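Residues per chain are reported as follows:
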Amino acid sequence: MEINEVVITKAIIDRYYEKLMANLELDVAIVGGGPSGLVAGYYLAKAGKKVALYERKLSMGGGVWGGGMMFNEIVVQEAAKPILDEFGIRSREYEKNYFTADSVESASTFCSKALQAGLTVFNCMSVEDVMMRTDQVMGLVLNWSSVEMAGLHIDPLTVRAKFVIDTTGHATEVVNVVYKKVPGRLMTPTGEIEGEKSMWSDKAETLTLENTKEVFPGLYVAGMAANATFGGPRMGPIFGGMLLSGKKVAEELISRL
Ligand code: 48H
């Protein structure tokens, strides 16, 4: 049978439209497809929650792909190894408490397993604002990343979510947007964004988990964004804290939904 270009076009438009329409009202909207966002999405989807993830770039995986300084291996401590195992990512013990995994296998597998668990991903979309009612984050304001990059004046569209998770990494973009609207009223020690501190891997890994929490009603932070928001240090290319943080935020939201 002859292949028809218009059928190809219709198939893509129909299927994408179906996906968009099915995800306008969510249990959880995740911003940022790095390791913490993908792990959170995996566990939420596995628990049957309606969850979508929005990623500015073409591909998910965030900072995992590059390992440490483009040496494409990551390190994960023992506490987080069960998450690598659950995803089926192969790892090798380097010395006690230090496991290594190929960063390309890790990034691609986080992505693939999260989608197969039921997470819906919208790539090439940037979150530029949130929908808010008095004292409550209620959803996301979205635009195409290409619109953002070209600096075009095009109004965004909106999705509603019971909870939003900021997993945008160092930039902590959603918290920044919210902070501008409600200055001084974040659930941080000072009410402000505390800011990421210098490298201290051991402390950072513990604090990433402690800092994984609600920062404004309806808005959670996880991964590097949690440390940037609550003032934890950076940790370099050890990813256990990112994975455990994604799992923690998913478990907390599953219990609240
Ligand atoms: C849509 C957005 C937006 C937006 C950003 O940086 P990430 O990998 O995030 P984490 O926190 O899961 O992992 C952090 C880790 O990769 C890392 O950097 C570490 C451990 N650093 C330690 C150190 O010492 O440096 O991913 C965030 C993702 C990226 O893919 C962005 O493109 C995306 O979020 N993103 N997507 N709308 N407004 N902002």
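For the structure given in this document, a descriptive report is provided here. These figures come from a predicted structure and were not determined experimentally. (Residues numbered from 1 in each chain as written. Predicted model: local features only at pLDDT ≥ 70, side-chain atom pairs only at ≥ 80, totals over all residues. Heavy atoms only, no water.)

Next up on the list: the site of the ligand. Taken together, the neighbourhood of the ligand is formed by 27 residues, with Ser36, Glu55, Gly63, Arg234 and Gly236 sitting nearest. Within the side chain of Ser36, an N or O atom sits 2.7 Å from an oxygen atom of the ligand. Within the contact set of the ligand, an oxygen atom lies 2.8 Å away from a backbone nitrogen or oxygen of Gly236. With the chains in place, 92% of the 800 Å² that the ligand exposes on its own is no longer accessible. Under a 2 Å grid-point criterion requiring more than half of the atoms, the pocket assigned to the ligand is the largest pocket. At the level of secondary structure, the elements contributing two or more residues to the shell around the ligand comprise α2 (35–46), β2 (51–55) and β7 (125–133). Counting residues per element, the shell around the ligand draws most heavily on β7, at three residues. For the shell around the ligand, the class distribution of residues is nine nonpolar, 13 polar and five charged. (Near = heavy atom within 4 Å. Polar contact = N/O pair within 3.5 Å; in protein donor to acceptor, adjacent residues only side chain to side chain. Areas by Shrake-Rupley, 256 points an atom, 1.4 Å probe, with all protein chains shown as cover. 1 Å grid on protein atoms, 1.4 Å probe; cavity = no way out; pocket = protein on both sides within 12 Å on 5 of 7 lines; lining within 4 Å. Sits in = over half its atoms within 2 Å of the grid points. Helix = DSSP H or I, 4+ residues; strand = E, 2+ residues; numbered from the N terminus. Nonpolar A, V, L, I, M, F, W, Y, C, P; charged D, E, K, R; others polar.)

Let us now look at the pattern of salt bridges. Per the stated rule, a full pass over the model turns up twelve salt bridges. Between Arg15 and Glu18 there is a salt bridge, and its shortest N-O distance comes to 3.7 Å. Of this pair, Arg15 and Glu18 both sit in helix α1 (residues 5–21), three residues apart, which is roughly one turn of the helix. A relative accessible area of 57% means that Arg15 is categorised as exposed. (Salt bridge = Lys/Arg side-chain N within 4 Å of Asp/Glu carboxyl O. Buried < 20%, exposed > 50% of the residue type's maximum accessible area, 1.4 Å probe, protein only.)

Here the focus is the packing of aromatic side chains. Any aromatic ring pair is given by two values, namely how distant the centres are and how the planes are angled relative to each other. This model, assessed by the stated rule, comprises seven aromatic pairs. Judged by centre distance (6.1 Å) and plane angle (90°), the rings of Tyr16 and Phe122 are edge-to-face. Taken together, the residues Tyr16 in helix α1 and Phe122 in strand β6 (residues 120–123) connect sequence positions 106 residues apart. A relative accessible area of 1% places Phe122 in the buried class. (Phe/Tyr/Trp six-rings, centres within 6.5 Å; stacked < 30°, edge-to-face > 60°.)

A few words on the environment of Met199. Counting through the fold element by element, Met199 comes out in the loop between α6 (173–181) and α7 (201–210). Classification of Met199 as partly exposed rests on a relative accessible area of 48%. Sequence separation of Met199 and Lys213 is 14 residues, and the distance between their C-alpha atoms is 22 Å. Excluding residues that lie within four positions of it along the chain, Met199 makes contacts with Arg234, Met235 and Gly236. (Contact = heavy atoms within 4.5 Å.)

Quick look at the state of the cysteines now. Inspection of every chain in the model, using the stated rule, returns zero disulfides. With no disulfide partner, Cys111 has as its closest neighbouring cysteine sulfur the one in Cys124, 12 Å distant. Its relative accessible area of 29% is what places Cys124 among the partly exposed residues. (Disulfide = S-S within 2.5 Å.)

This part takes up the sheet that holds strand β3 (residues 73–77). Read across the sheet, three strands follow the order β3-β5-β4 without closing on themselves; strand pairing throughout is antiparallel. The outermost strands of the open sheet, each flanked by one partner alone, are β3 and β4 (92–95). Strand-to-strand twist in this sheet, taken as the mean axis angle between neighbours without regard to direction, amounts to 40°. Pairing geometry for β4 and strand β5 (residues 98–102), over three bridges, is antiparallel. Bridging from a neighbouring strand, Glu95 pairs with Tyr98 of β5. (Pairing = 2+ DSSP bridges. Axes fitted to C-alpha atoms, helices over the stretch in contact; angles between N-to-C directions.)

Right, let's talk about the layout of surface pockets for a bit. Put simply, the largest pocket is a space of about 850 Å³. Lining the largest pocket are 43 residues, with Gly62, Gly63, Thr168, Gly169 and His170 sitting closest to its centre. Looking at the lining of the largest pocket, the elements that each hand over two or more residues are α2, β2, β7, α6 and α8 (224–230). For the lining of the largest pocket, the element with the most residues is β7, which contributes six residues. Its residues assigned to classes, the lining of the largest pocket comprises 19 nonpolar, 16 polar and eight charged. Of the voids in this model, the second largest pocket is the one considered here, and its volume is about 270 Å³. (Points joined across faces, edges and corners; volume = space filled by probe spheres on them.)

Let's shift gears to α2. In a regular helix each residue adds 1.5 Å, so twelve residues correspond to 16 Å; α2 covers 16 Å between its end C-alpha atoms and thus fits that length. Most of α2 sits inside the fold, with eleven of its twelve residues counted as buried. Within α2, burial applies to Pro35, Ser36, Gly37, Leu38, Val39, Ala40, Gly41, Tyr42, Tyr43, Leu44 and Ala45. For α2, the elements touching its buried residues are β1 (25–31), β2, α3 (81–87), α4 (103–117), β9 (157–166) and α9 (240–256). Gly48 sits one or two residues past α2 and shows a positive phi near 85°. (Expected span 1.5 Å × (residues − 1).)

Purely geometric stuff here, so don't read any function into it on its own.
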